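What the coordinates show
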Amino acid sequence: MSVIDEIERELTEATGRLLATAARLTDEDLRAPSLLPGWTRGHVLTHVARNADSYVNLLSWARTGVRTPQYASAEAREAGVEAGASRPAAEQLADLRDSAERFAAASGRMPAEAWTAMVSAMAPPEHPAWYVPIRRLREVEVHHADLGAGYGWADWPETYVRRELHDTMLWLGGESPVAEVVALDPGTGEVVRAWTGLGDGPAVEGTPRELLAWLAGRTDGAGLRVGPPAARGRGDAPAARPLPDPAVRPPSPPPWPKPSPAGLPARPPSSWPPAGNQSRQPREERT
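Note that the coordinates shown come from a computational prediction; the quantities given were computed from them, not determined experimentally. (Residues numbered from 1 in each chain as written. Predicted model: local features only at pLDDT ≥ 70, side-chain atom pairs only at ≥ 80, totals over all residues. Heavy atoms only, no water.)

Attention shifts here to the overall build of the protein. Scanning the protein from N- to C-terminus turns up eight helices and seven strands. Burial status across the protein gives 49% buried among its 287 residues. Here the analysis covers contacts within the protein between residues at least 6 apart in sequence; of these, 69% occur between residues at least 24 apart. Element-wise, carbon and sulfur atoms account for 54% of the exposed surface of the protein, whose accessible area totals about 12800 Å². (Helix = DSSP H or I, 4+ residues; strand = E, 2+ residues; numbered from the N terminus. Buried < 20%, exposed > 50% of the residue type's maximum accessible area, 1.4 Å probe, protein only. Contact = heavy atoms within 4.5 Å. Areas by Shrake-Rupley, 256 points an atom, 1.4 Å probe, with all protein chains shown as cover.)

Looking now at the packing of helix α1 (residues 3–23) against helix α5 (residues 89–108). Orientation of α1 relative to α5, taken along the N-to-C sense of each, is 170 degrees, at an axis distance of 10 Å. The pairing of α1 with α5 is recorded here as roughly antiparallel in orientation. Along the contact surface, α1 presents E8, L11, T15, L18, L19, A22 and A23, while α5 presents L93, L96, R97, A100, F103 and S107. Split by residue class, the contact of α1 with α5 holds nine nonpolar, two polar and two charged. (Axes fitted to C-alpha atoms, helices over the stretch in contact; angles between N-to-C directions. Parallel < 35°, antiparallel > 145°, perpendicular 65-115°, else oblique. Nonpolar A, V, L, I, M, F, W, Y, C, P; charged D, E, K, R; others polar.)

Mapped onto the elements of the fold, A114 is located in the loop between α5 and β1 (118–119). As a C-alpha pair, A114 and W61 span 53 residues in sequence and 9.1 Å in three-dimensional space. Setting aside chain neighbours within four positions, we find A114 in contact with A62, R63 and A129.

L45, F103, W130 and W156 are the most contacted members of the largest nonpolar core, which totals 50 residues. Listed by contribution, the elements that provide at least two residues to this core are α1, α3 (41–64), α5, α6 (132–146) and α7 (158–172). No other element matches α3, which puts 10 residues into this core. Residues contacting W130, with those up to four places away along its chain left out, are V3, I4, W115, L264, P265, A266, R267, P268, P269 and W272. (Core = buried A, V, L, I, M, F, W, Y, C linked by side-chain atoms within 4.5 Å.)

Counting across every chain of the model gives four aromatic pairs. With centroids separated by 6.5 Å and ring planes inclined at 65 degrees, the aromatic side chains of Y55 and F103 adopt a geometry described as edge-to-face. Placement of the pair is Y55 in helix α3 and F103 in helix α5, with a sequence separation of 48 residues. When its relative accessible area of 2% is taken as the criterion, Y55 is described as buried. Under the relative-accessibility criterion, F103 is labelled buried at 3%. What links up through ring pairs into an aromatic cluster is the set W130, Y131 and W272. (Phe/Tyr/Trp six-rings, centres within 6.5 Å; stacked < 30°, edge-to-face > 60°.)

This part takes up the pattern of salt bridges. Going through the model one piece at a time under the given rule, you end up with 15 salt bridges. Close ionic contact of R102 with D53 constitutes a salt bridge, the shortest N to O distance being 2.9 Å. A residue pair is termed long-range when its members are at least 10 positions apart, and R102 in helix α5 and D53 in helix α3 qualify at 49 residues. Here D95 makes a salt bridge to R87, at a shortest N to O gap of 2.9 Å. Residue class for D95 comes out buried when judged on its relative accessible area of 12%. Where salt bridges share partners, they join R50, D53, R87, D95 and R102 into one cluster. (Salt bridge = Lys/Arg side-chain N within 4 Å of Asp/Glu carboxyl O.)

Attention now moves to α6. Given 3.6 residues per turn, any residue in an α-helix points the same way as the ones three and four places further on. Here α6 spans 21 Å end to end across 15 residues, near enough to the 21 Å set by a 1.5 Å rise per residue. Just past α6, the residue G148 takes up positive phi, approximately 60 degrees. (Expected span 1.5 Å × (residues − 1).)

Attention now moves to the pairing of strand β5 (residues 203–206). Of the two faces of β5, both are covered, the one formed by A203 and E205 as well as the one formed by V204 and G206. When strand β3 (residues 180–184) meets β5, the two strands line up parallel, connected through four bridges. Its bridge partner being in β5, E180 is matched across the sheet by A203. Relative to strand β6 (residues 225–227), β5 runs antiparallel, the two sharing three bridges. Paired with V204 across the strands is V226, a residue of β6. (Pairing = 2+ DSSP bridges.)

With that settled, consider unusual backbone geometry. P124 connects to P125 through a cis peptide bond whose omega is 5 degrees. On the secondary structure map, P125 appears in the loop between β1 and β2 (127–128). The step from W272 to P273 runs through a cis peptide bond, and the omega angle for that step is 5 degrees. Here P273 shows up in the loop between β6 and β7 (284–286).

Within the secondary structure layout, S176 lies in the loop between α7 and β3. On the basis of relative accessible area, S176 is assigned to the buried category, the value being 9%. Only 2.6 Å separates the side chain of S176 from the backbone oxygen of V178, close enough to count as a polar contact. Excluding residues that lie within four positions of it along the chain, S176 makes contacts with L198, G199 and D200. (Polar contact = N/O pair within 3.5 Å; in protein donor to acceptor, adjacent residues only side chain to side chain.)

Below, the structure is given as structure tokens:
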């Protein structure tokens, strides 16, 4: 089993959850604001549908070798969302379902070698085609929560949270507004993983889910703990540092996400993150 099989299974489940939510929304519901500033729920669903088609373009590029941009331009991308945002709920649902099926069909047509082809989004870096399904899963999970229709970041599957936090920390690096990010086990509070030497600023501690929601710009960091960077030996947990003022929040993270981390393996790995990065033992890493 490769990472592609793993992600395709997760994507099928995530798409099913999104379709179930969309099926409950009325025309009036779709005209209501989403959790994304300036976008209605209709904008969000249209974006997810057009995103599926944009990733079909990238898979076609990988399969045929003919350069096929994800979108013709940023302006065309925005125009497509605006054009479809006010459609009736039944039309939106059908488009969401049909576009997801087109992506699944395009993925199923990919020869093994095509997954190693390099493609690029509207922003760098380029990445091997096997990462496209991971990007699609991200769009489905994040924008499902952005609908504000009963599914939120607290509902993201643990496998998705682990993968996205891993990848986010791979590219955060020099853009980090904090010096350390420390992931804590939600049950025991023990350190699951720590990233140090990221930049200037405080240390931020929280569960992987809370950290990802903050890094993804979906919360202001409420529930996270902030304090000065800790001096620690390898594997040592930092002392808990509750904020003296509960109104204080971590600094705003940089825009999220980038299309992919740099330096991905050319060939699809057996799993992603790599098996060695899924340990629940405390680790200290420099990103």
